[in-house]
Amino acid sequence: MKLTSALILLASSSTAFGFSQLSTSSSAPQSALFAKFKVFIDGEAGTTGLQVRERLEKREDLEIISAPYELRKDEDTRKSCINEADAVILCLPDAASIEAASWVEEDNDRTVIIDASTAFRVDDNWDYGFPELSKEQRESLTKSKRIANPGCYPTGFIGLTRPLVDAGIIPEGTPLTVNAISGYSGGGKGLMELFEGEDHEPWAGYGFSLAHKHLPEMAEYSRLGKKPIFQPQIATFVQGMVVHVPLHYDWLKEGTTGEDIHAALSKHYEGSNFITVMPLGEGAIKEAGLLERGAFLRPDTLANTNKMELFVFPNDDAGAVLLAARLDNLGKGASGAAVQNLNIALGIEETTGL
């Protein structure tokens, strides 16, 4: 890909920002021999935008473009930035992301858009930004001009189930449930202010309409073709997430055991830079010191990383298994994944800055 290639990351946030007159900042002087990719973060004050900037601002292969605060919402300048910068990171809600993506000029064939909102995740014209799904998925991302960043909860659910569907262990159409808990940062600045104040709930279950916005991508990219019953929860920690998927062996390929499930996941993620399949079963997990106080799967262990850990807790005698994914809702579940997709789209080593 040419160094003049442009990229847009659209990352969901509760606050939308636009910029006009440009100024630039960089951690290193511009090389006379190698041009840097210029990155414009539109909405960098939002939760996701701040995390993306932190991951990018020290990189010597990138130059971050900023604008005066008073011009942050100027529409004409945002359009100009989108079409002139090499990389534009948009931290916007769905509707604003759709609008911003439409501002790419018709004769601009340089711009790659990575959208971290839910706006385009099941749009056939966009590639789903989960490179670990398959070799074909990773290859498509190296060529794509439109990449939809996965949601945080779906990253855990799909990461656990897709390899098992592909392996024929979970039949397509199986009705599953997802029980997940996240740090309160997942709700953006509003929820952060609530939970960091004096008057807040110790725990908050939500999504009781059973129509959470993450359900379509869960059904689509797990290849189950059926939306799971999803029970999301927020608790009093900032970052981190654990996603649980319980399975009865009766639902699975005949003869399947916990060892078979663990082997399928291990084979799928062999060589992955960011996803690790942990030792099989509670006993091995305890022995490895991976349960807090010998009992608890702590959700914030991977905060500020782009890692995800997958666990398999079987009880073959009971004919059941609990699958678990642990990740940072703002890392592999948001800004970390966006940077990973940026690297892949630009032909840069995917671990750079992560």
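In short, a report on the structure. On a predicted model such as this, the values are computed, not experimentally measured, just so you know. (Residues numbered from 1 in each chain as written. Predicted model: local features only at pLDDT ≥ 70, side-chain atom pairs only at ≥ 80, totals over all residues. Heavy atoms only, no water.)

**Details of the overall build of the protein**
Okay, step 1: Per the secondary structure count, the protein includes ten helices and 15 strands.
Okay, step 2: Expected size for 354 residues packed as a compact globule is a radius of gyration near 20 Å; at 21 Å, the protein falls within 12% of this value.
Okay, step 3: With respect to the three principal axes, the spread of C-alpha positions in the protein is 65 × 50 × 35 Å.
Okay, step 4: Looking at the protein as a whole, 53% of its 354 residues qualify as buried.
Okay, step 5: Approximately 15800 Å² of the protein is accessible, and the part contributed by carbon and sulfur atoms is 49%.
Okay, step 6: Averaged over its 32 positive side-chain charges, the protein has a centre that lies 2 Å from the centre of its 50 negative ones. (Helix = DSSP H or I, 4+ residues; strand = E, 2+ residues; numbered from the N terminus. Rg over C-alpha atoms; globule rule 2.2 N^0.38 Å. Buried < 20%, exposed > 50% of the residue type's maximum accessible area, 1.4 Å probe, protein only. Areas by Shrake-Rupley, 256 points an atom, 1.4 Å probe, with all protein chains shown as cover. Lys, Arg positive; Asp, Glu negative; His and termini not counted. Charge placed at Lys NZ, Arg CZ, Asp CG, Glu CD.)

**Some points on unusual backbone geometry**
The general pattern is negative phi for most residues beyond glycine and trans for most peptide bonds.
Okay, step 1: Residues other than glycine seldom take positive phi values, yet Leu210 does so here, at roughly 60°.
Okay, step 2: With respect to the element layout, Leu210 can be found in the loop between β10 (203-205) and α7 (215-221).

**Side note on the sheet that holds strand β15 (residues 320-327)**
Within a sheet, each strand pairs with its neighbour through backbone hydrogen bonds, oriented either parallel or antiparallel.
Okay, step 1: Across the sheet, seven strands lie side by side as β10-β11-β9-β12-β15-β14-β13; this open sheet has mixed pairing. Two strands close off the open sheet at either side, each with one partner strand: β10 and β13 (275-277). Taking the axes of each pair of neighbouring strands and ignoring which way they run, one obtains an average angle of 20° across the sheet.
Okay, step 2: Judged from the eight bridges that link them, strand β14 (residues 308-315) and β15 form a sheet pairing that is antiparallel. From the neighbouring strand, Phe311 faces β15, where its bridge partner is Ala324.
Okay, step 3: Seen against the sheet, helix α8 (residues 258-268) touches β13, β14 and β15 and runs at an angle of roughly 165° to β14. (Pairing = 2+ DSSP bridges. Axes fitted to C-alpha atoms, helices over the stretch in contact; angles between N-to-C directions. Contact = heavy atoms within 4.5 Å.)

**Concerning the nonpolar core**
Okay, step 1: Counting residues in each nonpolar core, the largest one holds 43 residues, and the members touching the most others are Tyr153, Phe157, Val243, Ile261 and Leu323.
Okay, step 2: For this core, the element with the highest residue contribution is helix α5 (residues 152-166), accounting for seven residues.
Okay, step 3: With near-sequence residues (within four places) excluded, Phe157 lies in contact with Leu176, Val178, Met218, Ser222, Leu224, Pro228, Val243 and Val245.
Okay, step 4: Counting residues in hydrophobic clusters, the runner-up holds 20 residues, among them Val39, Ile64, Ile147 and Val339. (Core = buried A, V, L, I, M, F, W, Y, C linked by side-chain atoms within 4.5 Å.)

**Some details on the layout of surface pockets**
Okay, step 1: Space inside the second largest pocket adds up to approximately 260 Å³.
Okay, step 2: Lining the second largest pocket we find Pro131, Glu132, Ser134, Lys135, Arg138, His268, Tyr269, Glu270, Gly271, Ser272, Asn273 and Glu350.
Okay, step 3: Tallied by class, the residues present in the lining of the second largest pocket amount to two nonpolar, five polar and five charged. (1 Å grid on protein atoms, 1.4 Å probe; cavity = no way out; pocket = protein on both sides within 12 Å on 5 of 7 lines; lining within 4 Å. Points joined across faces, edges and corners; volume = space filled by probe spheres on them. Nonpolar A, V, L, I, M, F, W, Y, C, P; charged D, E, K, R; others polar.)

**Some thoughts on the packing of aromatic side chains**
Okay, step 1: On inspection of all chains with the given rule, the structure shows five aromatic pairs.
Okay, step 2: A ring pair is formed by Tyr128 and Tyr221, whose centres lie 3.8 Å apart and whose planes are at 0°; its orientation type is stacked. Of the two residues, Tyr128 is situated in strand β7 (residues 127-128) and Tyr221 in helix α7; the sequence distance between them amounts to 93 residues.
Okay, step 3: If you follow Arg72 out to its NZ or CZ, it ends over the ring of Tyr69, 4.1 Å from the centre. (Phe/Tyr/Trp six-rings, centres within 6.5 Å; stacked < 30°, edge-to-face > 60°. Lys NZ or Arg CZ within 6 Å of the ring centre and 35° of its normal.)

**With respect to the packing of helix α1 (residues 47-56) against helix α10 (residues 331-346)**
Okay, step 1: The contact between α1 and α10 brings their axes to 9 Å, and the two run at 45°. Compared by their axis directions, α1 and α10 come out oblique. Note on packing geometry: the crossing formed by α1 with α10 is right-handed. Contact residues: Thr48, Gln51, Val52, Arg55 and Leu56 in α1; Gly331, Ala334, Ser335, Gly336 and Val339 in α10.
Okay, step 2: Residue composition of the contact of α1 with α10, grouped by class: four nonpolar, five polar and one charged. (Parallel < 35°, antiparallel > 145°, perpendicular 65-115°, else oblique. Left-handed = near helix turned anticlockwise from the far one by under 90°.)

**Description of the pattern of salt bridges**
Okay, step 1: With the rule as written, the count across this model stands at 13 salt bridges.
Okay, step 2: The partner of Asp166 in a salt bridge is Arg223, with the nearest N and O atoms 3.2 Å apart. Linking Asp166 in helix α5 with Arg223 in the loop between α7 and β11 (229-235), this pair joins segments that are 57 residues apart in sequence.
Okay, step 3: The network of salt bridges with common partners includes Arg162, Asp166 and Arg223. (Salt bridge = Lys/Arg side-chain N within 4 Å of Asp/Glu carboxyl O.)

**Re the side chain of Asn149**
Okay, step 1: Of note, Asn149 is situated in the loop between β8 (146-148) and α5.
Okay, step 2: Note on Asn149: relative accessible area 0%, which makes it buried.
Okay, step 3: At 3.4 Å, the side chain of Asn149 forms a polar contact with the backbone nitrogen of Ala338.
Okay, step 4: Leaving out residues up to four positions away in the same chain, Asn149 has contacts with Ile114, Asp115, Ala116, Ser117, Arg121, Ala334, Ala337, Ala338 and Asn341. (Polar contact = N/O pair within 3.5 Å; in protein donor to acceptor, adjacent residues only side chain to side chain.)

**What to know about a negative patch on the surface**
Okay, step 1: On the surface, Glu84, Glu105, Glu106, Asp107 and Asp109 cluster together into a negatively charged patch.
Okay, step 2: As for its position among the elements, Glu84 is in helix α2 (residues 75-84).
Okay, step 3: The class for Glu84 is exposed, based on a relative accessible area of 54%. (Patch = residues over 30% accessible without salt bridge, like charges linked within 9 Å, V, L, I, M, F, W, Y side chains within 5 Å.)

**Structural notes on the environment of Glu172**
Okay, step 1: Following the sequence through the fold, Glu172 ends up in the loop between α5 and β9 (177-183).
Okay, step 2: Given a relative accessible area of 64%, Glu172 falls into the exposed group.
Okay, step 3: C-alpha of Glu172 to C-alpha of Ala303: the two residues are 131 residues apart in sequence and 33 Å apart in space.

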